[in-house]
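Commentary on secondary and tertiary structure
Residue strings, one per chain:
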There are 2 protein chains.
Amino acid sequence: MADRLAHLRGSVDAALDGFLRPDAEIPPLILEAARYAVLGPGKRLRPILVLASGEAASGHSEGLMPAACAVEMIHAFSLVHDDLPALDDDSLRRGRPTVHVKFDEATAILAGDALLNLAFEILATQPGATGQEGARLRAIAAVARAVGLRGMIGGQVLDLEFEGKVGTREDLERIHRLKTGCLITASCVAGAILSGADDGAIAALERYGRALGLAFQITDDILDVTGSAEEIGKSPGKDAAAAKTTFPSLFGLEASRKMAAEQVDAALGAISNFGARSSALAEIARSIASRRS
Amino acid sequence: MADRLAHLRGSVDAALDGFLRPDAEIPPLILEAARYAVLGPGKRLRPILVLASGEAASGHSEGLMPAACAVEMIHAFSLVHDDLPALDDDSLRRGRPTVHVKFDEATAILAGDALLNLAFEILATQPGATGQEGARLRAIAAVARAVGLRGMIGGQVLDLEFEGKVGTREDLERIHRLKTGCLITASCVAGAILSGADDGAIAALERYGRALGLAFQITDDILDVTGSAEEIGKSPGKDAAAAKTTFPSLFGLEASRKMAAEQVDAALGAISNFGARSSALAEIARSIASRRS
């Protein structure tokens, strides 16, 4: 099964590469920056969730690869802008210089913009598994809501405001839900919608995505304490240095591990009715609990 | 007729305000920055083109206001990011401090991101005049293509690379077509598509948009030479100070004025078959020739 996730990751990488081919109409430097941002080492969690959610809903993931690539591009866009000097000012990401360090700030800003926009172009032009126009519009709307002021971008704003201030569990979970959880959840929802899932199945996959997203973020916070730069591909200890409120800083490592495990269980519970079709989603949830990077 | 364009502008402003209302879920500062970017003084050329193109195609502009607001949000996004210190480093826009000066760089970057994303959310969720899902997908695709690496963002990249270098008329027209022309053209095309126009009408409005966009940009270059800061709402003489290649720097003022007039004529020619339905589009084209801001 780990082989299967690795195989999906390889298919996603090949498809992403196909959407970002050199072209006489595209200025070469910006394309190089966009490719650098998207095609570097990565877990491809969100695109795999699109594919695996489609499989849970319909038994297969055919036709979902464009949407899978779109959510990964949006994820890459958010990282590129989040790393900028005016925001988190990160110089290392996935073990490599961040885009504005490797290229320059203007290129990083515009490459991020281009990736966000390309995601919507792909969602609007590439048919989903069902090919139904209404489903494609609903999927675009779900993704756009997850990215916007009530989602990821709103979470980035709150995260900047929050830095250095002690908060409550509610504050912390809200930021994580917005900043990371919304796009993870939207990946599951979009995969389900584009596969023709009914409302009950979409709601179940939404619950799965929400629990998975929170589990993912709690383990991220834990890894910032316990991981090495080599393992996590970015500077560890950054949260503590910034006096950032995290799950470990609020609850300690042991309680945080327990909370992550509870969310993994909740994710598995949400997909219990899908049977064997949800085996990939179950494997993803279990891999969160044991993640080292 | 000037009254009618002013009336349309007022309706657009009211609708834009409605899409950016305070809300407990949205961090107040980012919303304030987004409102500042979008709701400041502006010509509202692109949204009015959506409405007027729909009217030319179908005789009315009902149901097109959400799409009109979406293209204005994309225009505002592009200005906010273009003004950033890492790009054009402009401190004055439409007579007011630019967003990163009034707020800060992080807020400007994220407000721009949010506006681009909100535009697609609106296009995906708000029905067009025809309400046909296929037309809405086509309109989203047309707008996304106009914004992307083969459009506006590609033009911004080329413009940064170009600065200070002498170029040919072909280079100059290419940059303007991408940076300004594509979104102006897409506004016409989206209005036509969402109004149920046939392919011939869409192509005519595309030709109109392309000529209008070029006329608009040539007059922009002329105003940078001849206008006052008060009139044009930004620092004049900036192009010359940056040794930027412009229409006046390549051809002189008189020839540039003639070229702008030719493009206005081409725009009027493209819509000659629409009759009285295209009176607003004709008025817009004629207003370009006499623009002072």
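Residues numbered from 1 in each chain as written. Chains lettered and ligands numbered in written order. Predicted model: local features only at pLDDT ≥ 70, side-chain atom pairs only at ≥ 80, totals over all residues.

This brings us to the overall build of chain A. When helices and strands are counted, chain A shows 15 helices and two strands. Whereas a compact globule of 293 residues would reach a radius of gyration of roughly 19 Å, chain A reaches 18 Å, a difference of no more than 12%. Taken along the three principal axes of its C-alpha coordinates, chain A extends 50 × 50 × 35 Å. Of the contacts formed within chain A by residues at least 6 apart in sequence, a portion of 73% connects residues at least 24 apart. (Helix = DSSP H or I, 4+ residues; strand = E, 2+ residues; numbered from the N terminus. Rg over C-alpha atoms; globule rule 2.2 N^0.38 Å. Contact = placed C-beta atoms within 7 Å.)

Our next topic: the confidence of the model for chain A. Low pLDDT means the predicted coordinates in that region are not meant to be read closely. Taken as a whole, chain A shows an average pLDDT of 91; of its residues, 92% reach a score of 70 or greater. In the predicted complex, the global pTM is 0.94; the interface-specific ipTM is 0.94. (pLDDT = per-residue confidence, 0-100.)

Once that is clear, we can look at the relation of the copies chain B and chain A. Rotating chain B by 180° and moving it 0.0 Å along the rotation axis overlays it on chain A with an RMSD of 0.0 Å. Within this description, the copies of the chain are treated as partners about a two-fold rotation axis. No C-alpha of chain B lies nearer the rotation axis than that of Glu133 of chain B, which sits 2.9 Å from it. When the interface residues of chain B are mapped onto chain A, 100% of them are again interface residues, pointing to one common binding face. (Least-squares fit on C-alpha atoms with pLDDT ≥ 70 in both.)

Positioned with a positive phi, Asp89 of chain A is a non-glycine residue whose angle comes to about 55°. The topology assignment puts Asp89 of chain A in the loop between helix 4 (65-82) and strand 1 (92-93). Note on Asp89 of chain A: 12 C-beta atoms within 10 Å, which makes it exposed. Phi is positive for Arg94 of chain B, which is not a glycine, with a value near 50°. Within the secondary structure, Arg94 of chain B is located in the loop between strand 1 (92-93) and strand 2 (96-97). (Buried ≥ 20, exposed ≤ 12 C-beta atoms within 10 Å, placed from the backbone.)

Bringing the interface of chain B and chain A into the picture now. Taken together, the contacts link 42 residues of chain B with 42 residues of chain A. When contributions to the side of chain B that touches chain A are tallied by element, the ones reaching two or more residues are helix 2 (28-39), helix 6 (105-125), helix 7 (133-147) and helix 8 (152-162) of chain B. Looking at which element gives the most residues to the side of chain B that touches chain A, the answer is helix 6 of chain B, with 13 residues.

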